[in-house]
Amino acid sequence: MNNDARLKPARASLHVVILLTVLLAPLVTRPSTPAAQAPSFDLVIRNGRIVDGTGSPWYRGDIGIRGDTIARIAPRIDGTSAGRVIDATGKVVAPGFIDIHSHARRGILDVPGAENYMRQGVTTIIEGPDGSSPIPIKPHLDEVAVKRVTPNYGLFVGQGSVREEVMGPVDRKASAEELDKMRGLVRQGMLDGAFGLSSGLFYVPGTFTPTAEVIELAKVAGQMGGIYISHMRDEASHVLDSVKETIEIGEKGGLPTQVTHHKIIGKGNWGRSVDTLRLIDEARARGVDATIDQYPYTASSTSIAAALMPAWALEGGRQATLKRLQNPSSRNELRNETARLIRDERGGGDPNNVQLARCNWNTSLDGKRLGEVTKIHGLEPTVENAAETALWIVEQGGCSGIFHAIEEQDLQRILKHPATMVASDGGIPIFGEGNPHPRNYGTFSRVLGRYVRDLKVIALEEAVRKMSSYPAQRIGLSDRGVLREGLKADIAVFDPLTVADRATFEQPHQYSVGMSYVLVNGQLTLDDGKMTAARPGKILYGPSTKR
Ligand SMILES: [Zn+2]
């Protein structure tokens, strides 16, 4: 049946209904006691500029919420019988944001309110990135469910964790039997609700994994409806090879593939985003579903050891690393390699481009630059001496670090690409503890403030799309990420003139500003700029639980 044939009778019956309504209207008496009725909506958000998440231009309208659901969107909703009316005049009403790359599992149980996320309008966080997840994932999901948290919460299953579980942190190929065990763990992860397979091929033990082995595991996740998301093997001098590898894994694994926190590290490599984006475009043109996510900062963050030591130095775990540092000849070799990484890659060419984020064994170092720490040791802050200091740091117990080695132009070029979504790579810090990367507090607000309003790099509607419907669609969340009747009421209301990040590399513990109201599953978690006690977050389960 074609559309016209279906429409004609529908139109005809509509006319009958209208006619009857007009004729009978005077005969119907409206109930004269509205107080006796249950409120038609629990909440009405009125007069906002609705940016619905699809990328379409904003429109003015009211949103009526009933329970956990968007019940009505219309130019005007009668709020007289609503439980509560919020006037959003001058404000943007958007879908709650979705962070597809979060390290929140370190903080979610200690800080279940996740205020850093709420003040950015983030209502859903997806954990298990960079190849690292609990194995199995179910006990962790159950623990978060029992704790009751504010944002919605889901997981990827991590390839590195799977390999570690089966083989340990060793540099060799898997046997057929080991590969089978790893397939089984990925399958279990998917059955338990993972949204796909993540990898961290830069890290130990992911870095020891041949591409073909990743493809085998990706196939399992893909057959069960999941995606592949990767912290690539190399984001510096070999970044093009890494993008090719990520595309190949999607293509041969038969599943959507994503370059996560895409960046170009190291001065000598700046500008290569032109080529990485071309590779993504070419892959998409031939039918590979390849996408990107990104955080809006020109510094990255990971451990000092992972960033400034070669993988071979970390094989076998901490004791093996310490042994290599005690042997004068391997220590010498290591120092040279660390100096190279400071000069050409994560170190950004200058020891002061390396900043210590958190040193549990000596918190007075938190926030200091590697050059400063080298000076404290009585050494000139040369690259070679800084390399020695870095090795000393690893010996003492290691620190997490921040690495200023990314170019603003690459950042903006990647942000503008239509296949790029926004994700934090942050987590839920303990307020005031250490000197974490400001992305924990500022990612989403920084895009809306700095890159939309101040620099006009992308339009507001496009930014919201990159934070809501795009990540939702990527992981198959069909009931969130767009403002539409019938979908879950995850909503962020903010002032487009004042929304901004406040966290800096020097003073990271500062919440974002400009977010007025946040709803998670229909409940207010941020009310007129104040956190509420509500904990409405749901555990979200991936595609294989829906079959
Ligand atoms: Zn990562």
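Now for a look at the structure at hand. Treat the numbers as computed from the prediction; the structure is a model and nothing was measured. (Residues numbered from 1 in each chain as written. Predicted model: local features only at pLDDT ≥ 70, side-chain atom pairs only at ≥ 80, totals over all residues. Heavy atoms only, no water.)

Concerning the overall build of the protein
Where we set the bar: The helix and strand labels rest on DSSP assignments: H or I over at least four residues marks a helix, E over at least two residues marks a strand, and numbering proceeds from the N terminus. Partly exposed describes any residue whose relative accessible area lies between the buried limit of under 20% and the exposed limit of over 50%, with all areas from a 1.4 Å probe on protein chains only and scaled to the type maximum. Per-residue and other accessible areas follow the Shrake-Rupley method at a 1.4 Å probe size, with only the shown protein chains counted as cover for residues. Note that His is not counted, nor are the chain ends; the positive residues are Lys and Arg, and the negative ones are Asp and Glu. Charge placement uses NZ in Lys and CZ in Arg. For Asp and Glu, CG and CD serve respectively.
When its secondary structure is counted, the protein shows 18 helices and 21 strands. C-alpha extents for the protein along the principal axes are approximately 100 × 50 × 45 Å. A buried classification covers 56% of the 547 residues belonging to the protein. Carbon and sulfur atoms make up 51% of the accessible area of the protein, which totals about 22,300 Å². Each charge sign in the protein was given a centre, from 65 positive and 62 negative side chains, and these centres are 5 Å apart.

Some thoughts on the nonpolar core
The cut-off we apply is this: Joining through side-chain atoms within 4.5 Å is the link that ties buried Ala, Val, Leu, Ile, Met, Phe, Trp, Tyr and Cys residues into a set, and such a set is a nonpolar core. Whether two residues touch is decided by their heavy atoms; if any such pair falls within 4.5 Å, the residues are in contact.
Counting 60 residues, the largest nonpolar core has Phe 97, Leu 448 and Phe 494 as its most contacted members. Those residues in contact with Phe 494 that lie beyond four places of it in its chain are Lys 91, Val 92, Ala 94, Phe 97, Leu 448, Leu 460, Val 499, Gly 514, Met 515 and Ser 516. Formed by 28 residues, the second largest nonpolar core is a distinct cluster that contains Ala 305, Leu 314, Leu 341 and Leu 370.

What about the packing of helix 11 (residues 318-326) against helix 14 (residues 383-396)?
Test applied: Angles shown run from 0 to 180 degrees and are taken between the N-to-C directions of axes, each axis being a line fitted to C-alpha atoms and, for helices, limited to the stretch in contact. Just so you know how the angles are binned, under 35 degrees is roughly parallel, over 145 roughly antiparallel, 65 to 115 roughly perpendicular, and the rest oblique. By definition, any crossing whose near helix is turned counterclockwise from its far helix by less than a right angle is left-handed, and any crossing with a clockwise turn is right-handed. Three residue categories are used. Nonpolar comprises Ala, Val, Leu, Ile, Met, Phe, Trp, Tyr, Cys and Pro, charged comprises Asp, Glu, Lys and Arg, and polar comprises the others, including Gly.
Between helix 11 and helix 14, whose axes approach to 10 Å, the crossing angle comes to 140°. The angle between helix 11 and helix 14 places the two elements in the oblique class. When you trace helix 11 past helix 14, the crossing you get is left-handed. Residues Arg 318, Thr 321, Leu 322 and Leu 325 of helix 11 lie in contact with helix 14, whose contacting residues are Leu 391, Val 394, Glu 395 and Gln 396. Across the contact of helix 11 with helix 14, the residue classes tally to four nonpolar, two polar and two charged.

What about the coordination of the zinc ion?
Let me state the cut-off plainly: As a rule, N, O and S atoms within 2.8 Å of a metal are its donors, except that Na, K and Ca use 3.2 Å; water is not among the atoms, so sites may look incomplete. A site with four donors is called tetrahedral when every donor-metal-donor angle falls between 85 and 135 degrees; four donors are called square planar, and six octahedral, when opposite donors sit more than 155 degrees apart and all other angles fall between 65 and 115; any other arrangement is irregular.
Protein-derived coordination of the zinc ion comes from Asp 130 (OD), Asp 130 (OD), His 231 (ND1) and His 261 (NE2), at a distance range of 2.1 to 2.5 Å. One way to put it: the four donor atoms around the zinc ion meet at angles of 54 to 144°, and that makes the site irregular. As a motif over one chain, the donors of the zinc ion read D-x100-H-x29-H. With Asp 130 in the loop between strand 7 (122-127) and helix 3 (138-147) and His 231 in strand 11 (residues 227-231), the pair connects residues that are 101 residues apart, well separated along the chain. Of the residues examined, Asp 130 reaches a relative accessible area of 10% and is grouped as buried. For His 231, a relative accessible area of 2% corresponds to the buried category.

As for the pairing of strand 15 (residues 354-358)
Spelled out, the test is: Strands were regarded as paired on the criterion that DSSP finds at least two bridges between them.
Judged by how many residues are buried, strand 15 sits mostly within the fold: four of five residues are covered. Bridge count between strand 15 and strand 16 (residues 400-403): four bridges; the pairing is antiparallel. By the bridge assignment for strand 16, Arg 358 is matched with Ser 400.

Let's talk about the environment of Lys 91
Along the chain, the position of Lys 91 falls in the loop between strand 4 (85-87) and strand 5 (92-95). Once the C-alpha coordinates of Lys 91 and Leu 497 are considered, the two residues, 406 residues apart in sequence, prove to be 8.7 Å apart.

A few points about the pairing of strand 18 (residues 491-494)
Residues Ile 491 and Val 493 of strand 18 are buried on one face, and the alternating residues Ala 492 and Phe 494, pointing to the opposite face, are buried as well. Judged from the four bridges that link them, strand 5 and strand 18 form a sheet pairing that is antiparallel. In the strand pairing of strand 18, Val 93 is matched with Val 493. Direction of pairing for strand 18 relative to strand 19 (residues 515-520): antiparallel, over a ladder of four bridges. Each bridged residue has a counterpart across the sheet, and for Ile 491 the counterpart in strand 19 is Leu 519.

Re unusual backbone geometry
Put simply, Ile 135 and Pro 136 share a cis peptide bond, and its omega is -5°. Put simply, Val 204 and Pro 205 share a cis peptide bond, and its omega is 5°. Within the secondary structure, Pro 205 is located in the loop between strand 10 (196-200) and helix 6 (211-223). Even without glycine at this site, Ala 114 takes up a positive phi of about 50°. Note that Ala 114 resides in the loop between strand 6 (97-99) and helix 2 (115-118).

Some remarks on the state of the cysteines
This is how it is decided: Any pair of cysteine sulfurs within 2.5 Å is marked as a disulfide.
Following the criterion strictly, the structure yields one disulfide and no others. Each disulfide pairs two cysteine sulfurs, and for Cys 359 the partner residue is Cys 399, the sulfurs being separated by 2.2 Å. Around the S-S axis, the bridge from Cys 359 to Cys 399 shows a dihedral of about 110° and counts as right-handed. In this pair, Cys 359 is assigned in the loop between strand 15 and helix 13 (370-376) and Cys 399 in the loop between helix 14 and strand 16, connecting sequence segments 40 residues apart.

Structural notes on the side chain of His 261
Note the cut-off: Pairs of N or O atoms are called polar contacts if they sit within 3.5 Å, as long as, within protein, a hydrogen donor faces a hydrogen acceptor (for residues adjacent in sequence, only side-chain-to-side-chain pairs).
Inspection of the secondary structure assignment puts His 261 in the loop between strand 12 (257-259) and helix 8 (273-285). A polar contact of 3.4 Å, which involves the side chain of His 261, links it to the side chain of Asp 130. Side-chain polar atoms of His 261 contact the side chain of His 231, separated by 3.0 Å. Those residues within four positions of His 261 in sequence are excluded, and the remaining contacts are His 101, Asp 130, His 231, Glu 235, Asp 293, Gln 294, Tyr 295 and Asp 425.

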